[in-house]
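Close look at the chain arrangement
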Amino acid sequence: HLFGIALDIDPDRNPCCGCVEPWRSAPACKRAATHAWERMEMPLCWVRAFARHGWDWLGHDALGDTMHFEYLGR
């Protein structure tokens, strides 16, 4: 975020279940899910679109940060 290469999309609806409060206590984090994307309200097609343009989605990270994207470029 500090360097302008990261952004969070609607953190109230796309939690980071492994992060600090208040996201860790989000109702979506309490739901059983096989994949992090099952806990977010953002359409999965957005994750794919960001990836096509060089952005990394941290929902795949151990934190399950479904709101967070970082630009890695190509």
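Here is what the cut-offs are and how they apply
- Residues numbered from 1 in each chain as written.
- Predicted model: local features only at pLDDT ≥ 70, side-chain atom pairs only at ≥ 80, totals over all residues.
- Heavy atoms only, no water.
- Helix = DSSP H or I, 4+ residues; strand = E, 2+ residues; numbered from the N terminus.
- Rg over C-alpha atoms; globule rule 2.2 N^0.38 Å.
- Buried < 20%, exposed > 50% of the residue type's maximum accessible area, 1.4 Å probe, protein only.
- Contact = heavy atoms within 4.5 Å.
- Areas by Shrake-Rupley, 256 points an atom, 1.4 Å probe, with all protein chains shown as cover.
- Pairing = 2+ DSSP bridges.

**Observations concerning the overall build of the protein**
- When you go through the protein residue by residue, the secondary structure sums to two helices and three strands.
- Along its sequence from the N terminus, the protein presents helices and strands in the succession β-α-α-β-β.
- Its C-alpha atoms give the protein a radius of gyration of 12 Å, within 12% of the compact-globule value 11 Å for 74 residues.
- Its C-alpha atoms put the protein at 35 × 25 × 20 Å along the principal axes.
- Evaluated residue by residue, the protein yields a buried proportion of 32% over its 74 residues.
- Within the protein, counting contacts between residues at least 6 apart in sequence, those at least 24 apart form 47% of the total.
- Put simply, the protein shows about 4,900 Å² of open surface, and 58% of that area lies on carbon and sulfur atoms.

**Looking at the pairing of strand β3 (residues 68-71)**
- Here strand β1 (residues 6-8) pairs with β3 via three bridges, running antiparallel. From the neighbouring strand, Leu7 faces β3, where its bridge partner is Phe69.
- Summarising the sheet, strand β2 (residues 55-57) and β3 pair through three bridges and their orientation is antiparallel. Paired with Trp55 across the two strands is Tyr71, which belongs to β3.

These values are about where atoms sit, not about what they do.
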